[in-house]
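# Notes for the structure review
Chain residues, written in single-letter form:
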Amino acid sequence: MTTYGLLIFDQVEELDFAGPWEVFTASSRLRGDVDTAVLVAETPDVVRCAKGLRVLPDHTVHDHPALDVLLVPGGYGARVIQPHNPVVTEWIAGTAATAAWTTGVCTGAFLLHAAGVARGRRVATHWKYEDDLERLGEVTVVRDARYVVSGNLVTSQGVSAGIDSALWLVGALHGRDHARAVRRVIQYDPAPPYLADEPLTVPGTAGSGWE
């Protein structure tokens, strides 16, 4: 049994946690509903996300079950609000110390850095904020991969890249064939209808990774 804990907070980017949530819960369904995914917040209050979606957490940072996987998403609340909430960053540090895996999506890397979890590691984040993260020091920012595996820390580029890293993670936990089955169930086969005007600005392609 695997228990996934996904942190949420005010101004969190919706797909940063909802994309991996879909992967983790689809994985559990294929395994006979033996796994658990929970949303964790500082308080039990409704969380208003970056685009206005309102979400109710399952647990607070004080009353959640033991987590095998900790996911830290990004968003305005992760990259801009400074200094970071010490209640949250201390919880991230403590939880990451006991979890088998910690994963960050997009600018969740900033929270992981503030918590000390990302320091000394190779990390990925949204292309727009790579320089900002690098300026914080004590991390090696990888700019040419959708996701990066550094020990038991998995970080990914922006938004949709969190789905890639979540698929890699369920493969690491339960096998590559299982991850391929999850990908098929959620019909994740990206084929963007339009290419970026400046494709080099957003490096990487769906399904690419670096470890």
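Residue positions are counted from 1 within each chain, in the order its sequence is given. Totals for whole chains, interfaces and linings use every residue, but because this is a predicted model, local features are given only for residues with pLDDT of at least 70 and side-chain atom pairs only at 80 or more, for both listing and counting. Excluded from the side-chain calculation are hydrogens and water; included are all heavy atoms of the structure.

### Quick look at the environment of Pro-86
A run of H or I in DSSP becomes a helix once it reaches four residues, and a run of E becomes a strand once it reaches two; helices and strands are each numbered from the N terminus. By the element assignment, Pro-86 lies in helix α3 (residues 86-98). When a residue's accessible area, from a 1.4 Å probe over protein chains only, is under 20% of the maximum for its type it is buried; when over 50% it is exposed; and in between it is partly exposed. Classification of Pro-86 by relative accessible area gives partly exposed; the value is 46%.

### Some details on the packing of helix α1 (residues 14-30) against helix α6 (residues 161-174)
Interaxial distance between α1 and α6 falls to 8 Å at its minimum, and their mutual angle equals 25 degrees. Comparing the axis directions of α1 and α6 gives the class roughly parallel. As for how α1 packs across α6, the hand of that crossing is right-handed. Packed against α1, whose contacting residues are Gly-19, Pro-20, Val-23, Phe-24 and Ser-27, the element α6 presents Gly-162, Ile-163, Ala-166, Leu-167, Leu-169, Val-170 and His-174 at the interface. Residues that form the contact of α1 with α6 fall into these classes: eight nonpolar, four polar and no charged. Where helices are involved, their axes are fitted lines through C-alpha atoms of the stretch in contact, as for all axes, and angles between N-to-C directions lie from 0 to 180°. Angles are sorted into four bins: roughly parallel if under 35 degrees, roughly antiparallel if over 145, roughly perpendicular if 65 to 115, and oblique for all others. Handedness of a crossing follows from how the near helix is turned relative to the far one, being left-handed for an anticlockwise turn of less than a right angle and right-handed for a clockwise one. Residues are treated as being in contact if the distance between any of their heavy atoms lies within 4.5 Å. Nonpolar residues are Ala, Val, Leu, Ile, Met, Phe, Trp, Tyr, Cys and Pro. Charged residues are Asp, Glu, Lys and Arg, and all others, Gly as well, are polar.

### Brief notes about the packing of α6 against helix α7 (residues 176-185)
Viewed as axis vectors pointing N to C, α6 and α7 meet at an angle of 140 degrees, and their least axial separation amounts to 7 Å. Handedness of the crossing formed by α6 with α7: right-handed. On α7, the residues that touch Leu-167, Val-170, Gly-171 and His-174 of α6 are Arg-176, His-178, Ala-179, Val-182 and Arg-183.

### Regarding the confidence of the model for the protein chain
Residues shown with low pLDDT carry predicted positions that ought not to be read at fine detail. A residue's pLDDT is the predictor's confidence in that residue, given on a scale from 0 to 100. Confidence along the protein chain averages 92 in pLDDT terms, with 91% of residues attaining 70 or more. Note on residues 200-208: pLDDT is under 50 here. Beyond four places in sequence and across chains, it has 15 contacts.

### Topic: the pattern of salt bridges
What makes a salt bridge here is a side-chain nitrogen of Lys or Arg within 4 Å of a carboxyl oxygen of Asp or Glu, nothing more. What the rule picks out here adds up to eleven salt bridges. Between Asp-35 and Arg-31 there is a salt bridge, with the nearest N and O atoms lying 2.8 Å from each other. According to the relative accessible area criterion, Arg-31 is partly exposed, its value standing at 29%. One salt bridge connects Asp-177 with Arg-180, and the closest N-O pair in it is separated by 3.0 Å. Of this pair, Asp-177 and Arg-180 both sit in helix α7, three residues apart, which is roughly one turn of the helix. Residue classification places Asp-177 among the exposed positions, given a relative accessible area of 61%. Among the ionic contacts, a cluster of salt bridges with common partners joins Glu-130, Asp-131, Glu-134 and Arg-143.

### A short note on α1
Think of an α-helix as turning once every 3.6 residues; residues three or four places apart then point the same way. An expected span of 1.5 Å times one less than the residue number is assigned to each helix. Its 17 residues place the ends of α1 24 Å apart at the C-alpha level, agreeing with the 24 Å of an ideal helix rising 1.5 Å per residue. After α1 finishes, the residue Gly-32 shows a positive phi value of roughly 90 degrees.

### Digging into the pairing of strand β7 (residues 101-105)
Both faces of the sheet carry side chains from a regular strand, because those side chains alternate between them. Extensive coverage of β7 is indicated by the burial of five of its five residues. Burial along β7 is two-sided: Trp-101, Thr-103 and Val-105 facing one way and Thr-102 and Gly-104 facing the other are all buried. Pairing geometry for strand β6 (residues 69-72) and β7, over four bridges, is parallel. Across the sheet, Leu-70 pairs through a bridge with Thr-102, a residue of β7. Strand pairing is assigned whenever DSSP detects at least two bridges linking the two strands. Pairing geometry for β7 and strand β11 (residues 153-156), over four bridges, is parallel. The residue of β11 that forms the bridge with Thr-103 is Val-154.

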